[in-house]
Structure formats: structure tokens, C-alpha cells
Amino acid sequence: DGGITQSPKYLFRKEGQNVTLSCEQNLNHDAMYWYRQDPGQGLRLIYYSQIVNDFQKGDIAEGYSVSREKKESFPLTVTSAQKNPTAFYLCASSYLFYGYTFGSGTRLTVV
Amino acid sequence: GEDVEQSLFLSVREGDSSVINCTYTDSSSTYLYWYKQEPGAGLQLLTYIFSNMDMKQDQRLTVLLNKKDKHLSLRIADTQTGDSAIYFCAELRANNAGNMLTFGGGTRLMVKP
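What you see is a predicted model; the values in this text were computed from it and never measured.

Before going further, it helps to examine the pairing of strand 6 (residues 55–58) of chain B. Residues and elements named next belong to chain B. Pairing geometry for strand 6 and strand 7 (residues 61–66), over 4 bridges, is antiparallel. Looking at the pairing, D58 lines up with L61 of strand 7. Hairpin geometry of strand 6 and strand 7 is characterised by an intervening segment of 2 residues between the two adjacent antiparallel strands and by a positive phi of about 55° at Q59.

Listed below in C-alpha cells is the structure:
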């Protein structure tokens, strides 16, 4: 079955540590996105990529980095520069006007 | 960009109809969407409507679109406890990088037995 997979489901980060969240899709979608969701809040766009080897900053890119070396993969690195990284992270992909397909999310907690 | 607006909270009794409202901003938006998010999960696409339509029905779901007022609504008939979730509306907007969705802040639907 086609879909979009995020891993891990839960991730714990120590202060000053970089962590990478995985997002893989086998839908053959060109565009991919990363969102952050805080408790009781909506979605905020971190980064997006409309095509392989190209990506753009969203509304809250500071403290995050991405790469898009393969069509299927769009990993997100939360760097030590992100001072408040505890949140629920959602990855999505899309094709034309058919809406976004979302992964099941990664919950990141700073310990 | 300008916000897509939704009310924060809606409470209904099981078996009643629920109506979730959304006001969008871009009169040139071609597609509008409704998503459902259950606790701890990703967003699930429920339905979408093309801007040349006024209404779309899919089983218990009815989407109404008023382009003049830029108002979108989602009606859930015979609401069940399993419908308790956060519902997001979204509009498709064009920008320099292509077409992207802009989401509302979400409406939390609580269904009481």
C-alpha cells in the first residue's frame, strides 16, 4: 500500500543535541512538507520542497534544517539552535490538487 | 499570509448534526479541503470541493461553499462519538513556489453520549 511513513513515533532529545526525524513516501509525490503542532494549536509550516534537490523555508524555519536528495525522502533535523523543540511534528506530501497526505507524526520531547 | 479562520470548539450530542464553519481568504482558491485529526495522529483528508461547486455530499458529510462570502462549512449528520476530533479546513493557494495549502487553526468537536 502507498503511504507516508514517519519515524520514530516518539523521540527524546537532550539539551544541545541535534536529532533527525525521518519521513519517507512511496506515493511518487513531488512535493513534501514539514509542520510543527503544539498542544491545542494548529499547524505551522517549517520547510517545504516542491521538487528533488530544492527546498524553501516556511514560517518557522529557524533552528531546523532539511535535505531532499531523493524524491521519496525528506528528513528534518532539529538542531540545538531550536530552543523550544518539544512538539508534534507532521510530514506531508502532495500531488497537484489532490490535497496533502500526512504521516502519523513524531512526538519530540526535550529531556 | 492572511488567516483561514475557524471557531475553536463545538460540542454536540450523539445523533445530532454537527456544523463546522470556516472562512477563507483567497477568492481565487480553486480547491478547499476538510481534514480530521484524532488524538496523537496525523491529519486525514475527509473531502474536498472544487470552487465551481456549491455543495458536495459524501455519506454523512456535506460540504457547503459560499464563494461570495468565502465561507465553507462541513456538516456531519448523525454525529457519533467516533467523530470526536479536531477538524481543519484548508484552501489551495498559488505562490511563487507552486500550489500550497493554507490551514485554519482547527475546530475541536466533542460528541457527548
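All names here are of chain A. Among the 8 residues of strand 9 (residues 87–94), 8 are classified as buried, and the element is accordingly described as predominantly covered. Judged by which residues are buried, strand 9 turns out to be covered on both faces: A87, Y89, C91 and S93 on one side and F88, L90, A92 and S94 on the other are all buried. Sheet analysis places strand 4 (residues 31–37) next to strand 9, joined by 7 bridges and oriented antiparallel. Directly across from A31, in strand 9, lies its bridge partner S94. Across 3 bridges, strand 9 lies against strand 11 (residues 106–110) in antiparallel orientation. In the sheet register, A87 faces strand 11, and the bridge partner there is L108. With 3 bridges joining them, strand 9 and strand 10 (residues 100–102) adopt antiparallel strand pairing. The partner of A92 across the bridge, within strand 10, is F102.

Rules of the game
- Residues numbered from 1 in each chain as written.
- Chains lettered and ligands numbered in written order.
- Predicted model: local features only at pLDDT ≥ 70, side-chain atom pairs only at ≥ 80, totals over all residues.
- Heavy atoms only, no water.
- Pairing = 2+ DSSP bridges.
- Helix = DSSP H or I, 4+ residues; strand = E, 2+ residues; numbered from the N terminus.
- Buried < 20%, exposed > 50% of the residue type's maximum accessible area, 1.4 Å probe, protein only.

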